[in-house]
Amino acid sequence: MYVLGALSSEERDAYERHLAGCAECQAEVAEFGDLPELLGKLDPGVASWAGPSAVPPSSPASSSSSPDLSWAGPSVASSSSPSSSSLPDASWAGPSAVPAPADASGVDPLLPRVLDRARRSRRTERRRRRWQTAGTALVAACLGVLAVLGVRSAGFGQPDFVAMQEVAATVPVTASLALEGLDDGTLVRMRCAYKPAGGYGKWTYKLYVVPKSGEPEELDSWTAGAGDEYELKAHSQFRRDNIQKIEIRGADGTALLALDA
């Protein structure tokens, strides 16, 4: 009723104070802001349908000599009736052109129904958008999962790491490897961690590739101590099908961990 100017000055002031802090009401005022202009363009005779006219056409004699007709459809007078000359010509009056009465506030009763229908339409649209947004997010999530599964099944992405086995009595380190065959050799990825206790101190380690034929290849060397973690990625000249095993050795060349390829 605010946008129609049907509130009293006190009601309007109270609503405007509420409106200043209510985003939903601000949106509804913006939604219905042009409603008064649209309603002003309506033809009152069309907007207020009263059905077939119940009032016979006026005639000079109707107030004194005509009975009160409740049906103004086809003529009820007969040419043989003695009183037919005193009855008015009861013809079809068409749709009533009398506008619907206003309520105590001066507002056409049609307006609250129009506003209520507009609010229901607005709520339905908001629900539809929420469901559409949720559905879009769900489809995107499913597509993301399918894309990851597709990449993994095609052999791309992060390879699987395999734990190396201890081959010495005293081994202060644990490690896992992932091998990826390349056209010009093999890509070796390593993750290792060092036991937090045992008094091992700092150790120097070396990563070797032992081929099925040829001399072992040293890929990298590093120093680490208790509690450390280390990762590396190195390229071996040997092709994947020519690697017998990969070893982590100590500074003196003793094999500590090994992984059969």
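Within each chain, residues carry numbers counting from 1 in the order of the written sequence. Only residues with pLDDT of at least 70 are given local features in this predicted model, and only at 80 or more are side-chain atom pairs given and counted; all residues enter the totals for whole chains, interfaces and linings. The basis for every side-chain value is the complete set of non-hydrogen atoms in the structure, without hydrogens or water.

The next subject is the overall build of the protein. Numbered from the N terminus, helices here are DSSP runs of H or I no shorter than four residues, and strands are runs of E no shorter than two. What the protein contains, in helices and strands, is six helices and nine strands. Note on areas: Shrake-Rupley with a 1.4 Å probe; residue coverage comes only from the protein chains shown. With an accessible surface of roughly 17,000 Å², the protein has 55% of that area assigned to carbon and sulfur atoms.

Should a side-chain nitrogen of Lys or Arg be within 4 Å of a carboxyl oxygen of Asp or Glu, the pair is scored as a salt bridge. Summed over all chains, the structure comprises nine salt bridges. Between R128 and E125 there is a salt bridge, and its shortest N-O distance comes to 2.6 Å. Taken together, the positions of R128 and E125, both in helix α6 (residues 110-153) and three residues apart, correspond to about one turn of that helix. Each of E125, R128 and R129 takes part in one network of salt bridges that share partners.

This next bit is on the side chain of R189. With respect to the helices, strands and loops of the structure, R189 is situated in strand β4 (residues 185-194). At a separation of 3.1 Å, a polar atom in the side chain of R189 contacts the side chain of E180. We define a polar contact as two N or O atoms separated by no more than 3.5 Å, with the added condition that, inside protein, one atom must be a possible hydrogen donor and the other a possible acceptor, whereas residues neighbouring each other in sequence contribute only through side-chain atom pairs.

Our next topic: the confidence of the model for the protein. In low-pLDDT regions, the fine details of the predicted coordinates are not to be read closely. Along the chain, pLDDT gives the predictor's confidence residue by residue, from 0 to 100. For the protein, the average pLDDT comes to 73, and 60% of its residues sit at 70 or higher. Per-element mean pLDDT across the protein ranges from 43 in helix α5 (residues 62-65) up to 95 in strand β8 (residues 243-250). Residue contacts are defined here by distance: any two heavy atoms, one from each residue, within 4.5 Å place the two residues in contact. Across residues 49-88, confidence stays below pLDDT 50; counting only partners more than four residues off in sequence or on other chains, it has 38 contacts. Here residues 151-155 scores under 50 on pLDDT; set against residues more than four positions off or in separate chains, the count is two contacts.

So, on to the packing of aromatic side chains. Pairing of aromatic side chains here covers Phe, Tyr and the six-membered ring of Trp, requires ring centres within 6.5 Å, and sorts the geometry by plane angle: under 30 degrees stacked, over 60 edge-to-face, intermediate tilted. In this structure the tally under the stated criterion is four aromatic pairs. Ring geometry for Y194 and Y205: centres 5.2 Å apart, planes at 40°, overall tilted. With Y194 in strand β4 and Y205 in strand β5 (residues 203-211), the pair connects residues that are 11 residues apart, well separated along the chain. Judged on exposure class, the residue Y194 and its partner Y205 are both buried. Aromatic pair W203 and Y205: ring centres 6.0 Å apart, planes at 20°, arrangement stacked. Overall, W203 belongs to the partly exposed group, its relative accessible area being 24%. Accessible area is worked out with a 1.4 Å probe on protein chains only. A residue is then buried under 20% of its type maximum, exposed over 50%, and partly exposed in between. We classify Y205 as buried; its relative accessible area is 1%. Taken together through their ring pairs, the aromatic side chains of Y194, W203, Y205, W222 and Y230 make up a single cluster.

Turning to the sheet that holds β4, a few remarks are in order. The pairing criterion for strands is at least two bridges between them, as found by DSSP. The sheet built from four strands is open, its strands ordered β1-β3-β4-β7 with antiparallel pairing. Only two strands of the sheet have a single neighbouring strand rather than two, namely β1 (162-163) and β7 (229-236). Relative to strand β3 (residues 173-182), β1 is paired through two bridges, and the arrangement is antiparallel. Bridging from a neighbouring strand, V162 pairs with L177 of β3.

This next bit is on the nonpolar core. Counting residues in hydrophobic clusters, the biggest one holds 25 residues, and the most contacted among them are M190, Y205, L207, W222, I246 and I248. Secondary structure elements with two or more residues in this core: β3, β4, β5, β6 (217-224), β7, β8 and β9 (255-260). Those residues in contact with I246, other than ones at most four positions away along the chain, are M164, L177, L179, V188, L207, Y208, V209, L257, A258 and L259. Nonpolar cores are built from buried Ala, Val, Leu, Ile, Met, Phe, Trp, Tyr and Cys residues. Side-chain atoms within 4.5 Å join them into one set.

Remark: a regular strand shows side chains that alternate across the two faces of the sheet. Judged from the 10 bridges that link them, β3 and β4 form a sheet pairing that is antiparallel. When the bridges of β4 are listed, A175 appears paired with C192. As consecutive antiparallel partners, β3 and β4 are separated by two residues.

You can see T204 is positioned in strand β5. On the accessibility criterion, T204 (32% relative accessible area) is partly exposed. As a C-alpha pair, T204 and T223 span 19 residues in sequence and 4.3 Å in three-dimensional space. Contacts of T204, omitting those with residues within four sequence positions, involve W222, T223, R249, G250 and A251. At 3.3 Å, the side chain of T204 forms a polar contact with the side chain of T223.

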